[in-house]
Amino acid sequence: MTNKISLRQETKDDFKKVFELNQIAFGQENEAKLVDALRKNQTAFVPELSIVATDNNKIVGHILFTKINIKDDTGNLKESLGLAPMAVRPELQKSGIGGQLIKKGFEVAKELGFKSVIVLGHEHYYPRFGFQSADKWKIKAPFEVPSNVFMAIELVTDGLRDISGTVVYPKEFETV
Ligand SMILES: CC(C)(COP(=O)(O)OP(=O)(O)OC[C@H]1O[C@@H](n2cnc3c(N)ncnc32)[C@H](O)[C@@H]1OP(=O)(O)O)[C@@H](O)C(=O)NCCC(=O)NCCS
């Protein structure tokens, strides 16, 4: 476990490095391009929730949470956050940086008044941070996906109380 890791909001100067980080972590450009596209979405992008992990000023991790909606049967929308994507430099993975980014993101999101987060991801990883199957709240993905990989967490007590429906992602996700 490296102990020199710092976490902070990304700045303009980081954009290129964040692109490279996502590209190397995912082994393709899709997620890197998604981050670039989401930054331009004035409705969904929350600058404070694009967070980098640095090691001696070098960017080694990044996490992004964007605004999403949960649409119920009657068309009512409730705001939440989607966690995606997140990336850690391959040589530093499994040293806890991903976990630190998630926890920092939760802290900042709570300060900003967000009450929940939705994630599509590995069923053994995200539950470590409190995520549970979104089925619990009758929250569904807008596409076919096994229920155990589509998860949600309440950042505050009852953060998802009386909220159910289908997640509406920012349109930028459609191109990934
Ligand atoms: C997912 C990722 C960000 C996690 O970051 P990290 O710093 O390695 O995470 P942590 O150190 O907090 O946790 C590592 C643990 O999670 C597990 N884990 C992480 N991603 C996993 C996955 N996709 N499948 C299964 N287990 C996973 C690791 O096996 C490890 O388990 P261990 O502690 O028992 O060894 C990083 O692995 C990564 O960049 N992966 C490539 C990009 C990606 O898949 N991003 C997630 C989708 S948006």
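Refer to the preceding data block for the structure.
What this report covers is the structure whose coordinates are included nearby. (Residues numbered from 1 in each chain as written. Predicted model: local features only at pLDDT ≥ 70, side-chain atom pairs only at ≥ 80, totals over all residues. Heavy atoms only, no water.)

### Quick word on the pairing of strand β3 (residues 58–71)
Of all 14 residues in β3, 10 are buried; the element is thus mostly enclosed. Relative to β3, strand β2 (residues 45–55) is paired through 7 bridges, and the arrangement is antiparallel. Along β3, the bridge assignment pairs Ser-50 with Leu-64. Between the end of β2 and the start of β3, which pair antiparallel, lie 2 residues, with Asn-56 showing a positive phi angle near 50°. Two elements, β3 and strand β4 (residues 77–88), share 10 bridges in a ladder whose sense is antiparallel. The partner of Asn-69 across the bridge, within β4, is Glu-79. Between the end of β3 and the start of β4, which pair antiparallel, lie 5 residues, with Gly-75 showing a positive phi angle near 90°. (Buried < 20%, exposed > 50% of the residue type's maximum accessible area, 1.4 Å probe, protein only. Helix = DSSP H or I, 4+ residues; strand = E, 2+ residues; numbered from the N terminus. Pairing = 2+ DSSP bridges.)

### Observations regarding the site of the ligand
Val-88, Lys-94, Gly-96, Gly-98 and Gly-99 are the nearest of the 17 residues found near the ligand. With respect to the ligand, the side chain of Gln-93 contributes an N or O atom lying 3.2 Å from an oxygen atom. Gly-99 places a polar main-chain atom, nitrogen or oxygen, 2.9 Å from an oxygen atom of the ligand. Looking at the shell around the ligand, the elements with two or more residues in it are α1 (15–26), β4 and α3 (97–111). Of the residues forming the shell around the ligand, the biggest block, 4 residues, is contributed by β4. (Near = heavy atom within 4 Å. Polar contact = N/O pair within 3.5 Å; in protein donor to acceptor, adjacent residues only side chain to side chain.)

### With respect to the nonpolar core
If you look at soluble globular proteins, the nonpolar side chains tend to sit buried side by side. Judged by nonpolar contacts, the single largest core of 28 residues is most densely connected at Leu-83, Phe-106, Val-117 and Phe-131. Sorting the residues of this core by element identifies β2, β3, β4, α3, β5 (116–120) and β8 (150–154) as the ones contributing at least two each. Other than its neighbours up to four places away in sequence, Phe-131 contacts Leu-83, Phe-106, Val-117, Ile-118, Val-119, Tyr-126, Met-151, Ala-152 and Ile-153. Grouped together as the second largest cluster of nonpolar side chains are 25 residues, Val-18, Leu-38, Ala-141 and Phe-150 included. (Core = buried A, V, L, I, M, F, W, Y, C linked by side-chain atoms within 4.5 Å. Contact = heavy atoms within 4.5 Å.)

### Here we look at unusual backbone geometry
Across the junction of Ala-84 and Pro-85, the peptide omega takes the value -10°, indicating a cis bond. Mapped onto the fold, Pro-85 is located in strand β4. A positive phi angle, close to 50°, is found at Asn-56, a residue other than glycine. Along the chain, Asn-56 turns up in the loop between β2 and β3. Although it is not a glycine, Lys-138 adopts a positive phi angle of roughly 60°. Along the chain, the position of Lys-138 falls in the loop between β6 (132–133) and β7 (139–140). Its relative accessible area of 61% is what places Lys-138 among the exposed residues.

### As for the environment of Ser-147
Tracing the sequence through the fold places Ser-147 in the loop between β7 and β8. Sequence separation between Ser-147 and Leu-21 is 126 residues; the distance between their C-alpha atoms is 29 Å. When neighbours within four sequence positions are excluded, Ser-147 is seen to be in contact with Ser-133 and Asp-135.

### Considering the side chain of Glu-172
By the element assignment, Glu-172 lies in the segment after β9 (165–168). By relative accessible area, which is 12% here, Glu-172 ends up buried. A polar contact is formed between the side chain of Glu-172 and the side chain of Asn-41, at a distance of 2.9 Å.

Read these as layout, nothing more, since geometry by itself doesn't imply function.
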